[in-house]
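In case you want the letters, here they are:
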Amino acid sequence: MSDTTRRKLLAATGAGVAAGTVGLTMGPAQSGEARRSTSSARESVVAYIHDHRSSEVRLMVGEREIVVHDRDLATRILNAAGGR
């Protein structure tokens, strides 16, 4: 699958999860903790977790793909996505 097609698919299916994750990470209990840095993303970000048992989170930011190993982040995204 080409990068362009994959990005369109992930953007379409992941937009709701990404929006839910923002609400989860910036919830009332954490509203004072997370602060955006001057180097934070200024365009749409799509998070993709291939294996729910893994700590690997792939972030699609514009034309770039960034791999992050963060079990807590992966768990919060999966929880926000629900069990449907």
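Below is a summary of the structure that appears in this document.

What counts as what
- Residues numbered from 1 in each chain as written.
- Predicted model: local features only at pLDDT ≥ 70, side-chain atom pairs only at ≥ 80, totals over all residues.
- Heavy atoms only, no water.
- Core = buried A, V, L, I, M, F, W, Y, C linked by side-chain atoms within 4.5 Å.
- Buried < 20%, exposed > 50% of the residue type's maximum accessible area, 1.4 Å probe, protein only.
- Helix = DSSP H or I, 4+ residues; strand = E, 2+ residues; numbered from the N terminus.
- Salt bridge = Lys/Arg side-chain N within 4 Å of Asp/Glu carboxyl O.
- Pairing = 2+ DSSP bridges.
- Axes fitted to C-alpha atoms, helices over the stretch in contact; angles between N-to-C directions.

It is worth spelling out the nonpolar core at this point. Among soluble globular proteins, nonpolar side chains are generally buried collectively. Ranked by size, the top nonpolar core spans seven residues in total: Ile 49, Val 57, Leu 59, Val 61, Leu 73, Ala 74 and Ile 77. Listed by contribution, the elements that provide at least two residues to this core are β2 (56-61) and α2 (71-81).

Before going further, it helps to examine the pattern of salt bridges. This model, assessed by the stated rule, comprises four salt bridges. Across the pair Glu 65 and Arg 58 runs a salt bridge, and its minimum N-O distance is 2.7 Å. Taking relative accessible area as the criterion, Arg 58 reaches 27% and is therefore assigned partly exposed. Of the charged contacts in the structure, one is a salt bridge between Arg 76 and Asp 72, with a shortest N-O distance of 3.6 Å.

It is worth spelling out the sheet that holds β2 at this point. The three strands are arranged β1-β2-β3 in an open sheet whose pairing can be described as antiparallel. Each edge of the open sheet is held by one strand with a lone partner, namely β1 (45-48) and β3 (64-69). Within the sheet, the average angular offset between the axes of one strand and its neighbour, ignoring direction, is 25 degrees. Summarising the sheet, β1 and β2 pair through four bridges and their orientation is antiparallel. Paired with Ala 47 across the two strands is Leu 59, which belongs to β2.

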